[in-house]
Amino acid sequence: MIQAIPKTVTFDEFINWYPESSGCHYELHNGAIIEMPKPTGKHSRIAGFLIAELNFEIRRLQLPYFIPKECVIKSVRDQSGYEPDLIIIDEKRVNNNSRWEKESIITQGNSIPLVVEVVSTNWSDDYALKLEEYEILGIDEYWIVDYLGLGGRRFIGNPKQPTLSVYQLREGEYQVQQFRDHQRIESLIFPELSLTASQVFQAGQL
């Protein structure tokens, strides 16, 4: 039986509440438990495509990274927790997270070279809330894959169009580069990556 969602909770209360076999995913946003929308087929295909491509780069270059099946990123504010669509973890640093081994919880941003969110209808969470949180945590690189061009014009420009935004941490603040059509994605984490924005977007149409 699924438990009722409390009104406002701390991160630890959220983790203790989280139902193990509900079939749904939840995140904690500023103390409020949010049921995440079910991913569409295109959303799932794009996430799966990126997992395969980045795993290939990890193996090819023998990088000390891995992609977990699932995990939760804890906010520094103790009121939020996120389950990204894709997360790269540094296997040399992950053990610095006291809650990793037993709970798959990441508390140290320097354990995360890269996070990827594939945009859904709740696009503002990716462009505003999570962007700020990942920046504060010190996550080196954050990709927002907006394959339908749903984001606000202040984020992806006018006219709106499919856009892959790469935010890179420089002197504690994110700087953004945006890629569209056949532009090659430029990543500091995967500098040899040979992948264009259109290849990522088209993965959802196969």
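Summarised in this report is the structure supplied together with it. Computed from a predicted model, the values in this text were never measured in an experiment.

The pairing of strand 1 (residues 26-29) with strand 2 (residues 32-35) spans four bridges and is antiparallel. Considered in strand 2, the bridge of Leu-28 is made with Ile-33. Connecting strand 1 to the antiparallel partner strand 2 that follows it, the hairpin turn spans two residues, and Asn-30 within it adopts a positive phi of roughly 50°.

With that settled, consider the layout of surface pockets. Gaps left between atoms show up when a probe the size of a water molecule is rolled over them. Within this model, the largest pocket holds a volume of roughly 660 Å³. For the largest pocket, the lining is made up of 30 residues, of which His-25, His-43, Glu-83, Pro-84 and Asp-85 are closest to its centre. Listing elements by their share of the lining of the largest pocket, those giving two or more residues are strand 1, helix 2 (41-61), strand 6 (86-90), strand 8 (114-118) and helix 4 (123-137). Of all the elements, helix 2 adds the most residues to the lining of the largest pocket, at four residues. Residue classes in the lining of the largest pocket are distributed as 14 nonpolar, six polar and 10 charged. Space inside the second largest pocket adds up to approximately 400 Å³. Along the walls of the second largest pocket sit 15 residues, with Tyr-18, Glu-70, Val-72, Glu-83 and Glu-103 positioned nearest its centre.

So, about the pairing of strand 8. Strand 8 sits mainly inside the fold: five of its five residues count as buried. Burial of strand 8 is two-sided: the residues Leu-114, Val-116 and Val-118 facing one way and the residues Val-115 and Glu-117 facing the other way are all buried. The pairing of strand 6 with strand 8 spans three bridges and is antiparallel. When the bridges of strand 8 are listed, Leu-86 appears paired with Val-116. Direction of pairing for strand 8 relative to strand 9 (residues 141-146): parallel, over a ladder of five bridges. The partner of Val-118 across the bridge, within strand 9, is Val-145. In this fold, the crossover linking strand 8 to strand 9 by way of helix 4 has right-handed handedness.

Quick notes on the rules
Residues numbered from 1 in each chain as written. Predicted model: local features only at pLDDT ≥ 70, side-chain atom pairs only at ≥ 80, totals over all residues. Heavy atoms only, no water. Pairing = 2+ DSSP bridges. Helix = DSSP H or I, 4+ residues; strand = E, 2+ residues; numbered from the N terminus. 1 Å grid on protein atoms, 1.4 Å probe; cavity = no way out; pocket = protein on both sides within 12 Å on 5 of 7 lines; lining within 4 Å. Points joined across faces, edges and corners; volume = space filled by probe spheres on them. Nonpolar A, V, L, I, M, F, W, Y, C, P; charged D, E, K, R; others polar. Buried < 20%, exposed > 50% of the residue type's maximum accessible area, 1.4 Å probe, protein only. Right-handed = clockwise from strand over helix to strand, strands pointing away.

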